[in-house]
Amino acid sequence: GAVVSQHPSRVICKSGTSVKIECRSLDFQATTMFWYRQFPKQSLMLMATSNEGSKATYEQGVEKDKFLINHASLTLSTLTVTSAHPEDSSFYICSARGGGEEFGANEKLFFGSGTQLSVL
Amino acid sequence: GIQVEQSPPDLILQEGANSTLRCNFSDSVNNLQWFHQNPWGQLINLFYIPSGTKQNGRLSATTVATERYSLLYISSSQTTDSGVYFCAVDVAAGNKLTFGGGTRVLVKP
């Protein structure tokens, strides 16, 4: 399938600092990327939809000033957790849509390997 | 919003056994996908299956859209099949998937 690369895989930071997570589509162009959050032993919750060249669309209850999303190119979206606090500790996963029929269907979603954020 | 329920929540299998996972959804969907999350957190797309039946090796899936459910079949299970299986749906074409609660599968050798 299509490859989505996410970095870093794990980050530990002090409370009050900002953390940037990168999500790249390696072998296809992704006009739309999605950012999810997952707590231990729970399902994935959609945080926001990232569209290349335009502002991200945030789900209800997600603070846009806390979780800054930038989709500067067709292959890169970044999520910055600003002024992180312990309650922001979670597993963050990005995904990209498409890749075309070469990867089975334009509607298939492909995921990065996730970033485990721990805020002390 | 749409509700997605998966059953069973947990499943323990002996290696070689077959199993069926179920996904019920509360509204008509335009998009349904099955994913496997391995113990390290990586999600793999198994099937894009808004309707009909597909097979890929030991896995197959069937979605009966009119009755609002989908089934994932695992045959001759292997220890590497362990992990969490998620069903995710979207009522529109935008791919804003809503995930079910998942089925946690443990395959014992």
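The model shown is predicted, which means the values in this text are computed figures rather than measured ones.

A. Summary view of the environment of Gly 53 of chain A. Residue position: Gly 53 of chain A is located in the loop between strand S5 (44-51) and strand S6 (57-58). Residues Gly 53 of chain A and His 85 of chain A, 32 residues apart in the sequence, show an inter-C-alpha distance of 29 Å.

B. View of the pattern of salt bridges. Enumeration over the complete set of coordinates arrives at four salt bridges over all chains. Among the ionic pairs, Lys 66 of chain A bridges to Asp 88 of chain A, the shortest N-O distance being 2.9 Å. Of this pair, Lys 66 of chain A sits in the loop between S6 and strand S7 (67-73) while Asp 88 of chain A sits in the loop between strand S8 (76-81) and strand S9 (90-97), placing them 22 residues apart in sequence. Residues Lys 66 of chain A and Asp 88 of chain A agree in their burial class; the two are buried. Among the salt bridges present, the one from Arg 58 of chain B reaches Asp 81 of chain B, with a minimum N-O distance of 2.9 Å.

C. Structural context of the packing of aromatic side chains. According to the stated counting rule, one finds eight aromatic pairs over all chains in the structure shown. Plain terms: the ring middles of Phe 67 of chain A and Tyr 92 of chain A are 6.2 Å apart, the flat faces sit at 45° to each other, and that makes the pair tilted. Residue Phe 67 of chain A is located in strand S7, and its partner Tyr 92 of chain A is located in strand S9; the two are separated by 25 residues in the primary sequence. The pair Phe 67 of chain A / Tyr 92 of chain A is uniform in exposure class, with both members buried. Among the aromatic residues, those joined into a cluster by ring pairs are Tyr 36 and Phe 111 of chain A together with Phe 35, Phe 86 and Phe 99 of chain B. Seen from the ring of Tyr 69 of chain B, Arg 22 of chain B lies directly overhead, with NZ or CZ sitting 4.2 Å from the centre.

D. Just unusual backbone geometry, in detail. Note the cis peptide between His 7 of chain A and Pro 8 of chain A, where omega equals -5°. Among the secondary structure elements, Pro 8 of chain A is positioned in the loop between strand S1 (4-7) and strand S2 (10-13). The peptide bond linking Ser 7 of chain B to Pro 8 of chain B adopts the cis configuration, its omega dihedral lying at -10°. With respect to the helices, strands and loops of the structure, Pro 8 of chain B is situated in the loop between strand S1 (4-7) and strand S2 (10-14). Of note, the phi angle at Lys 41 of chain A is positive, near 60°, even though the residue is not glycine. Summarising the element assignment, Lys 41 of chain A is placed in the loop between strand S4 (32-38) and S5. Here Lys 41 of chain A falls in the exposed class, since its relative accessible area comes to 72%.

About the cut-offs
- Residues numbered from 1 in each chain as written.
- Chains lettered and ligands numbered in written order.
- Predicted model: local features only at pLDDT ≥ 70, side-chain atom pairs only at ≥ 80, totals over all residues.
- Heavy atoms only, no water.
- Helix = DSSP H or I, 4+ residues; strand = E, 2+ residues; numbered from the N terminus.
- Salt bridge = Lys/Arg side-chain N within 4 Å of Asp/Glu carboxyl O.
- Buried < 20%, exposed > 50% of the residue type's maximum accessible area, 1.4 Å probe, protein only.
- Phe/Tyr/Trp six-rings, centres within 6.5 Å; stacked < 30°, edge-to-face > 60°.
- Lys NZ or Arg CZ within 6 Å of the ring centre and 35° of its normal.

Function-wise, these values are silent; they only describe arrangement.
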